[in-house]
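What follows is the residue order along each chain.
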Amino acid sequence: MDLKLLNKLLHKAAETKYLISFGFALSFGLFGLVILLGLSQIDRTHEHVQSIVDKHNVKTSLITEMMWAARERSLNLYHMISISDPFERDDVFLEYTYHAAEFGHARSQLMQMKLTKEESTLLDRQARATRETVPVQDQVIELLNVGRISQAYDLLINKAVPSQNRVMDALHSLSLLQQQAAQELAQQNASIMHESNMLILLLGIIALSLSIVIAFKVTRRALHSEKVLQLEKDHAEVTLQSIGDAVITTDENGIIKDMNAIAESLTGWSRKAAINHNLAGIFITHCDKTLCPLINPLEEAIKTGRIVTPEVNTTLISRNRKEYAIEYTAAPITDAGGLIQGGVIVFRDVTEMRSMAHQLSYQASHDALTGLLNRREFENRLEQAIGHAHNSHLNHALCYLDLDQFKIINDTCGHVAGDELLKQISGRLREQLRESDVFARLGGDEFGILLEGCTTEKAEVIATNILATVKQTRFIWDNKSFELGVSIGVVPINSMSGNVSDVLSAADTACYEAKDKGRNCIHIYSTDDDDLAKRRGEMNWVHRITHALDHDRFELYCQEIVPLDDESNHSYFYEILLRLKNDDGSMVPPMAFIPAAERYNMMPIIDKMVIEKAMDCLTKLSTNHYDVHISINISGQSLSNPTFLDSVVDIIANTEVNPELLMFEITETAAIANLSRAIRFIQTLKGLGCKFALDDFGSGLSSFAYLKNIPVDYLKIDGYFVRDINVDATDSAFVESISQIGNVMGIKTIAEYVENEETLQKLRSIGVNFGQGYHFGKPRPLSDLKTELLAKGKESAA
């Protein structure tokens with residue numbers, strides 16, 4: 001609301017009062033006409049002014065509410081990135097959703113009002129920006145939900161924040177347009193008031209004979225109108241003071257006419273002291289980067305007749321020399337004829353937001369724990385080095401480091417100790433490197449060192465020094481001393497090197513080869529290395545596995561588990577097995593591709609796929625009233641995956657299969673290696689009704705010691721002890737001891753590799769509950785199970 005125009009309205013109202021009083025004193029003969037027209041005109045003017053103020057207040061309130069909700073959503077999004085507790089993050093996400101609803105509600109109300117073409121255009125622009133922003137924000141939240149914090153940071157900085165800024169720009173422009181529209185409407189009202197005054201003056205001259213009494217009544221009504229206008233002026237001032245951004249208005253010469261409390265706070269000038277001063281002496285800014293003074297934006301806006309926004313990061317210097325990072329919009333104020341009457345600048349303090357952006361930028365390129373560069377930034381530097389090697393034929397070298405004892409320390413002493421070890425090692429290694437070398441933490445206990453302008457021979461010397469430094473380091477924690485080691489893969493970077501992915505893949509392969517040599521070793525990559533060729537073969541399997549997942553080339557097989565005693569009767573009991581179908585139709589056994597899948601952490605994806613396929617088949621069998629129990633193998637990697645358990649629970653919840661028909665097998669070694677996660681996994685799914693088996697029992701060194709801590713329902717005796725049970729007394733005794741322990745603990749036993757009748761009878765005499773092996777049948781496609789069960793049903797009926 002333009003306070004100058006409101007003051008003019010008050011002045012015109014005062015003139016109207018005296019003119020009407022004088023006219024009615026001289027116009028007794030036209031008493032009725034003057035009363036009718038005078039009161040009608042004053043009421044119309046009052047209603048028109050009221051309409052202007054109400055419309056402005058409602059629109060301003062709704063726009064302010066949209067801006068506040070949008071800003072709070074951005075702060076919520078950043079807050080979620082900085083929170084590690086998933087429950088606290090959920091609370092913030094609820095706030096984030098609530099502000100989205102507020103934003104939508106305010107916009108819906110605004111759209112229901114009568115809007116100008118310019119307002120509709122800006123709202124459309126805001127809507128397009130919001131449609132671009134929301135999917136990016138949702139993607140940030142999805143990345144947070146799966147624990148991909150770094151990618152969430154990157155997406156927030158590079159996409160979400162710029163998109164949100166476009167939303168805010170549209171809203172600021174809309175706010176400014178609303179102020180300008182209000183000023184224009186007020187000017188139009190002043191014109192109407194002027195015309196009314198002329199009409200009333202004319203009637204007053206004609207109606208000289210009207211009575212003094214009537215003139216007194218009309219004068220009192222005019223005083224009431226003046227009071228209403230004064231109240232509206234006061235209300236407009238309160239509205240101006242309540243706006244969350246700083247606002248300063250000037251005349252066409254840049255002389256300040258008004259400012260709100262936020263502007264007082266940021267500039268350090270009081271409203272009283274600033275009025276009638278030139279804006280250039282109060283709104284003083286400089287460029288953040290160069291510290292050079294900037295031209296006053298409102299002067300440029302008034303001079304050019306267009307809206308001016310900052311082209312560089314701007315800092316405002318207050319009267320007390322305090323500095324604020326600001327964003328602003330400066331615009332000219334024009335009358336109904338398009339003539340510039342002054343200007344308005346709206347600005348806000350973004351010091352905290354800009355500091356947050358700097359912090360996010362640092363976090364996006366650095367590892368939070370060690371302070372080293374992170375993988376994303378390292379890959380950027382590596383890409384530059386590869387390009388430099390291609391263009392200048394200058395050689396570089398990449399060292400890929402993997403700590404050998406980290407997992408032992410991390411599992412034995414806890415994550416706090418593991419974190420401290422990473423910080424100490426990164427500090428020690430930094431001392432061994434040149435200032436120009438690029439040192440980064442690539443993830444977990446893996447580090448990368450980019451040696452620019454370094455030959456392979458020199459890189460090997462540096463790697464040897466690093467090896468010695470790590471070996472000489474003793475990590476002390478809780479009065480325990482740990483000897484450390486590191487495996488290093490060295491890759492030359494020259495004009496023949498591939499892209500970033502190729503070089504990192506070669507370095508990773510060389511590092512794994514160094515580990516396979518016995519750890520604490522160095523392996524130099526070369527294209528004709530037989531060992532690395534084998535490793536690349538495993539990586540080729542990764543491609544084949546990915547292709548099989550994408551094109552549904554995995555097929556499920558099953559092998560029956562047969563009860564050996566009457567008490568262990570099941571209608572049908574099968575273990576689910578996995579095969580990969582080649583393009584020629586042949587089947588690849590699991591041991592051909594599982595090692596590669598385990599090495600490259602693909603087992604959680606494969607396990608989830610197997611469960612989904614098995615549940616789909618079981619759903620179809622249950623629909624046909626077949627009581628089929630199935631057993632599904634779960635890998636150690638899946639047990640360690642933080643989201644896998646939730647995925648399994650969701651799969652079970654989204655099917656109509658009775659969970660009591662499901663059994664999951666985990667190997668003894670995997671359970672022991674991930675004991676706490678394994679117990680949580682078992683307890684959660686057992687709570688749904690699922691059963692559990694400990695697979696390959698007896699293959700570990702501490703089988704019986706851990707058994708009482710793992711709440712399983714079945715023990716699958718390792719086939720190594722079953723195969724020769726008739727000829728090897730040790731194997732027989734071992735199987736018998738497992739059976740006895742199982743009976744004592746209420747755990748049923750399943751013997752694998754039952755290949756002949758003699759073995760079967762021996763197992764029955766020992767008391768083993770179930771058998772599985774070629775003696776009962778070879779694995780066959782799970783898709784054939786329905787036909788097989790139908791045949792068994794007919795045979796049983798006969």
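Note that the structure is predicted; figures quoted are calculated from it, not measured.

Looking now at the sheet that holds strand β8 (residues 438-443). Pairing in this open sheet of five strands is mixed, and the strands run β8-β9-β7-β12-β13 from one edge to the other. Every interior strand has two partners, whereas the edge strands, β8 and β13 (522-524), have only one. Taken over all neighbouring pairs, the strand axes of this sheet differ in orientation by 20° on average, direction set aside. Where β8 lies against strand β9 (residues 446-451), five bridges are found, and the strand directions are antiparallel. Across the sheet, Ala440 pairs through a bridge with Gly448, a residue of β9. Of the strands in this sheet, β7 (396-403), β8 and β9 are in contact with helix α13 (residues 415-431), which crosses β8 at around 155°. Against the sheet, helix α14 (residues 456-472) contacts β7, β9, β12 (486-493) and β13, and its axis sits at roughly 165° relative to β12.

This paragraph deals with the pattern of salt bridges. Where side chains of opposite charge bring their charged atoms close, a pairing between them can arise. Enumeration according to the criterion identifies 23 salt bridges in this entry. Measuring nitrogen to oxygen at the nearest pair gives 3.2 Å for the salt bridge that ties Arg441 to Asp367. In this pair, Arg441 is assigned in strand β8 and Asp367 in the loop between α10 (351-365) and α11 (375-392), connecting sequence segments 74 residues apart. Grouping residues by exposure puts Arg441 and Asp367 together as buried.

In terms of strand pairing, strand β21 (residues 714-717) meets strand β22 (residues 748-751) through four bridges, oriented parallel. The partner of Leu715 across the bridge, within β22, is Thr749. Bridge count for β22 against strand β23 (residues 770-771) is two bridges, and the pairing is parallel. The residue of β23 that forms the bridge with Ile750 is Phe770. Tracing the backbone out of β22, into helix α26 (residues 757-766) and back to the parallel element β23 gives a crossover that is right-handed.

Attention shifts here to a nonpolar patch on the surface. Taken together, Ile741, Val744 and Met745 make up a surface patch of nonpolar side chains, about 270 Å² in accessible area. Tracing the backbone shows Val744 in helix α25 (residues 729-745).

A few words now on the packing of α25 against α26. Closest axis-to-axis distance for the α25/α26 pair is 10 Å, and the angle between their directions is 45°. One finds that α25 runs oblique with respect to α26. The two elements α25 and α26 cross, and the hand of that crossing is right-handed. Residues Ser732, Val735, Glu736 and Ser739 of α25 pack against Lys762, Leu763 and Ile766 of α26. Considered class by class, the residues forming the contact of α25 with α26 number three nonpolar, two polar and two charged.

Read from one edge of the open sheet, six strands run β2-β1-β6-β5-β4-β3, paired in antiparallel fashion. Single-partner strands in this sheet number two, and they are β2 (256-259) and β3 (284-287). With strand direction ignored, the average angle separating the axes of adjacent strands in the sheet is 35°. Contacting β1 (246-251), β5 (323-334) and β6 (340-349), helix α9 (residues 297-304) crosses the sheet at an angle of about 20° to β5. The sheet contacts of α10 involve β4 (314-317), β5 and β6, and relative to β5 the element is tilted by about 125°.

On to the layout of surface pockets, then. Taken as a whole, the second largest pocket holds about 980 Å³ of empty space. Together, 39 residues line the second largest pocket, and Val161, Asn165, Glu327, Arg348 and Met353 are the ones closest to its centre. Looking at the lining of the second largest pocket, the elements with two or more residues in it are α2 (31-82), α4 (117-145), α5 (149-206), β5, β6 and α10. When residues of the lining of the second largest pocket are assigned to their parent elements, the largest contribution, ten residues, is made by α5. Class assignment for the residues of the lining of the second largest pocket results in 21 nonpolar, ten polar and eight charged.

A few words now on the confidence of the model for the protein. Averaged over all residues, the pLDDT of the protein is 83; the fraction at 70 or higher stands at 83%. Counted against residues more than four places away or in other chains, residues 1-11, with its pLDDT under 50, gives 26 contacts.

It is worth spelling out the packing of aromatic side chains at this point. Note on aromatic pairs: each is described by the distance of the centres and the angle between the planes. Following the criterion strictly, the structure yields 16 aromatic pairs and no others. With a centroid separation of 6.0 Å and an interplanar angle of 55°, the aromatic rings of Phe573 and Tyr714 are classed as tilted. Within this pair, whereas Phe573 is found in strand β16 (residues 572-581), its partner Tyr714 is found in strand β21, the two being separated by 141 residues in sequence. Tyr714 carries the same exposure label as Phe573, and that label is buried. An aromatic cluster is built from Phe644, Phe664, Phe681 and Phe692, whose rings are joined through pairwise contacts. Taking NZ or CZ as reference, Arg579 lies 5.3 Å from the ring centre of Tyr557, over its face. Stacked on the ring of Tyr753, the Lys or Arg Arg723 has its end atom at 4.6 Å from the ring centre.

Let us look at the environment of Leu94. Take Leu94: it is sitting in helix α3 (residues 86-112). What makes Leu94 exposed here is its relative accessible area of 56%. A sequence separation of 18 residues divides Leu94 from Asn76, and the C-alpha atoms of the two residues are 9.4 Å apart.

So, about α25. End to end, α25 covers 24 Å across 17 residues, agreeing with the expected 24 Å (1.5 Å per residue, within 8%). Within α25, the full set of buried residues consists of Asp731, Ser732, Val735, Ile738, Ser739 and Gly742. Take α25 and look down its axis: the buried residues cluster within an arc of 130°, on one side only. Set apart from the buried face of α25 by more than 90 degrees, the exposed residues are Ala729, Thr730 and Val744. A side-chain oxygen of the first residue of α25 lies 2.9 Å from the backbone nitrogen of Thr730; this N-cap is Asp728. Two residues or fewer after α25 comes Gly746, characterised by a positive phi angle close to 75°.

Here we take up the environment of Phe406. Among the secondary structure elements, Phe406 is positioned in helix α12 (residues 406-413). Classification of Phe406 by relative accessible area gives buried; the value is 12%. Residues Phe406 and Leu422, 16 residues apart in the sequence, show an inter-C-alpha distance of 8.5 Å. Phe406 has contacts with Gly418, Leu421, Leu422 and Asp445, leaving out every residue within four places of it along the chain.

What counts, and at which threshold
Residues numbered from 1 in each chain as written. Predicted model: local features only at pLDDT ≥ 70, side-chain atom pairs only at ≥ 80, totals over all residues. Heavy atoms only, no water. Pairing = 2+ DSSP bridges. Helix = DSSP H or I, 4+ residues; strand = E, 2+ residues; numbered from the N terminus. Axes fitted to C-alpha atoms, helices over the stretch in contact; angles between N-to-C directions. Contact = heavy atoms within 4.5 Å. Salt bridge = Lys/Arg side-chain N within 4 Å of Asp/Glu carboxyl O. Buried < 20%, exposed > 50% of the residue type's maximum accessible area, 1.4 Å probe, protein only. Right-handed = clockwise from strand over helix to strand, strands pointing away. Patch = residues over 30% accessible without salt bridge, like charges linked within 9 Å, V, L, I, M, F, W, Y side chains within 5 Å. Areas by Shrake-Rupley, 256 points an atom, 1.4 Å probe, with all protein chains shown as cover. Parallel < 35°, antiparallel > 145°, perpendicular 65-115°, else oblique. Left-handed = near helix turned anticlockwise from the far one by under 90°. Nonpolar A, V, L, I, M, F, W, Y, C, P; charged D, E, K, R; others polar. 1 Å grid on protein atoms, 1.4 Å probe; cavity = no way out; pocket = protein on both sides within 12 Å on 5 of 7 lines; lining within 4 Å. Points joined across faces, edges and corners; volume = space filled by probe spheres on them. pLDDT = per-residue confidence, 0-100. Phe/Tyr/Trp six-rings, centres within 6.5 Å; stacked < 30°, edge-to-face > 60°. Lys NZ or Arg CZ within 6 Å of the ring centre and 35° of its normal. Expected span 1.5 Å × (residues − 1). Arc of directions from axis to C-beta. Polar contact = N/O pair within 3.5 Å; in protein donor to acceptor, adjacent residues only side chain to side chain.

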